[in-house]
Amino acid sequence: MRDLSATNKLVGTMLRKKLIAANWKMYKTPEQTREFFRAFLPMIAGHERSELVVCPPYVDLHAAFDSAHGSGIAIGAQNVFWKEDGAYTGEVSCSMLKSTGCTHVIIGHSERRQYFGESDETVNLRLKAALHAGLTPIVCVGEVLEEREAGLTEDVLRRQCLRALDAISGERAHKLVMAYEPVWAIGTGKTATPTMAVEAHITIRAEASKSLGKEVASKMRILYGGSVKPENAKSLMLEEEIDGALVGGASLDARSFASIVMY
Ligand code: 13P
């Protein structure tokens, strides 16, 4: 499983700059967002090894963009609706996100699937809209504990990728980022071992290669998410097949997120 070809390894190292993204979920007000950046920016000054993205709640996007301005840190949203405008109470469109300076968007997070009825089909619609708008989507996939225990992880990942990427051309998908987030590892303190994560990433890349073509898939970054902490970031990030991290709880504190970034 871990037997990547020498070429793949080279491509991985040369073409896939690591991306470390913070998913703040439903935490922080605009003022707390500003406080975070005031503390965080000096801690990571001069850091260039990875790309950084912070994804706060919608109401904090403006404050985040303002606070991060000039730092090279990109700002992302945690979801987006696929329609351009209309009578869709509570929804936010791609162009609205872009008007705040937002460049990235998380799509299909397991909490959206679990609590808000998102399906592989709605993930596909959101993804198409985000790509069309020129946003960088971070599409989440991952198995629940019962699926892992039943030996279904690979099937689940294949199905989620196949449906999320349905009718999307490689040409259009060059900005696509995927995130492997095993549901049993999110907020639980249980982390997938680097080997488990690498195996899942290989499956995701193979499936993406079928849908988008080999070239796009080999350049596509796949992040790992699920209880990433300062203590385990390094062992995960040292894997060539792990192209970065999507960090929940540990990204809320400036010091802890900074030590993940500086792993
Ligand atoms: P935790 O890092 O809190 O486990 O959350 C992971 C996650 O869901 C990131 O999107």
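Calculation criteria
- Residues numbered from 1 in each chain as written.
- Predicted model: local features only at pLDDT ≥ 70, side-chain atom pairs only at ≥ 80, totals over all residues.
- Heavy atoms only, no water.
- Helix = DSSP H or I, 4+ residues; strand = E, 2+ residues; numbered from the N terminus.
- Buried < 20%, exposed > 50% of the residue type's maximum accessible area, 1.4 Å probe, protein only.
- Axes fitted to C-alpha atoms, helices over the stretch in contact; angles between N-to-C directions.
- Parallel < 35°, antiparallel > 145°, perpendicular 65-115°, else oblique.
- Left-handed = near helix turned anticlockwise from the far one by under 90°.
- Contact = heavy atoms within 4.5 Å.
- Nonpolar A, V, L, I, M, F, W, Y, C, P; charged D, E, K, R; others polar.
- Phe/Tyr/Trp six-rings, centres within 6.5 Å; stacked < 30°, edge-to-face > 60°.
- Near = heavy atom within 4 Å.
- Polar contact = N/O pair within 3.5 Å; in protein donor to acceptor, adjacent residues only side chain to side chain.
- Areas by Shrake-Rupley, 256 points an atom, 1.4 Å probe, with all protein chains shown as cover.
- Lys, Arg positive; Asp, Glu negative; His and termini not counted.
- Salt bridge = Lys/Arg side-chain N within 4 Å of Asp/Glu carboxyl O.

## Things to note about unusual backbone geometry
Line of reasoning, step 1. A positive phi angle, near 85°, is found at Lys28, a position not held by glycine.
Line of reasoning, step 2. Relative to the elements of secondary structure, Lys28 occurs in the loop between β1 (19-23) and α2 (30-43).
Line of reasoning, step 3. In this structure Lys28 comes out as partly exposed when scored by relative accessible area, which is 21%.

## Some thoughts on the packing of α2 against helix α12 (residues 254-261)
Line of reasoning, step 1. At their nearest, the axes of α2 and α12 sit 9 Å apart, and the two run at 30° to each other. Between α2 and α12, the crossing angle belongs to the class labelled roughly parallel. Between α2 and α12 lies a crossing whose hand is right-handed. Of α12, the residues touching α2 (which contributes Phe36, Ala39, Phe40 and Met43) are Ala254, Arg255, Phe257, Ala258 and Val261.
Line of reasoning, step 2. Tallied by class, the residues present in the contact of α2 with α12 amount to eight nonpolar, no polar and one charged.

## A short note on the packing of aromatic side chains
Line of reasoning, step 1. In total, this model carries nine aromatic pairs according to the counting rule given.
Line of reasoning, step 2. Summarising the aromatic geometry, the rings of Phe36 and Phe37 are spaced 5.4 Å apart at their centres and angled 85° between planes, so their arrangement reads as edge-to-face. Assigned by exposure class, Phe36 and Phe37 land together as buried.
Line of reasoning, step 3. Ring centres of Phe81 and Trp82 lie 4.4 Å apart, and the angle between their planes is 40°; this geometry places the pair in the tilted category.

## Details of the packing of α2 against helix α3 (residues 61-68)
Line of reasoning, step 1. Their axes nearest at 9 Å, the elements α2 and α3 cross at an angle of 25°. For the element pair α2 / α3, the angle class is roughly parallel. Both α2 and α3 take part in a crossing whose hand is right-handed. When α2 is examined against α3, the residues Pro30, Thr33, Arg34, Phe37 and Leu41 are found in contact with a partner set consisting of Ala63, Ala64, Ser67 and Ala68.
Line of reasoning, step 2. For the contact of α2 with α3, the residue count by class is six nonpolar, two polar and one charged.

## So, the site of the ligand
Line of reasoning, step 1. Taken together, Asn23, Lys25, His109, Glu181, Ala185, Ile186, Gly187, Gly226, Ser227, Leu246, Gly248 and Gly249 are the residues near the ligand.
Line of reasoning, step 2. Between an oxygen atom of the ligand and a side-chain N or O atom of Asn23, the distance comes to 3.0 Å.
Line of reasoning, step 3. Within the side chain of Lys25, an N or O atom sits 2.8 Å from an oxygen atom of the ligand.
Line of reasoning, step 4. In the complex, the protein chains occlude 97% of the 310 Å² of accessible area that the ligand would expose alone.

## Side note on the side chain of Glu181
Line of reasoning, step 1. With respect to the helices and strands, Glu181 occurs in the loop between β6 (177-180) and α9 (194-212).
Line of reasoning, step 2. For the buried Glu181, which has no salt bridge, the nearest side chain bearing the opposite charge is Lys25, at an N-O separation of 6.0 Å.
Line of reasoning, step 3. Leaving out residues up to four positions away in the same chain, Glu181 has contacts with His109, Cys140, Val141, Gly142, Ile186, Gly225, Gly226 and Leu246.

Read these as layout, nothing more, since geometry by itself doesn't imply function.
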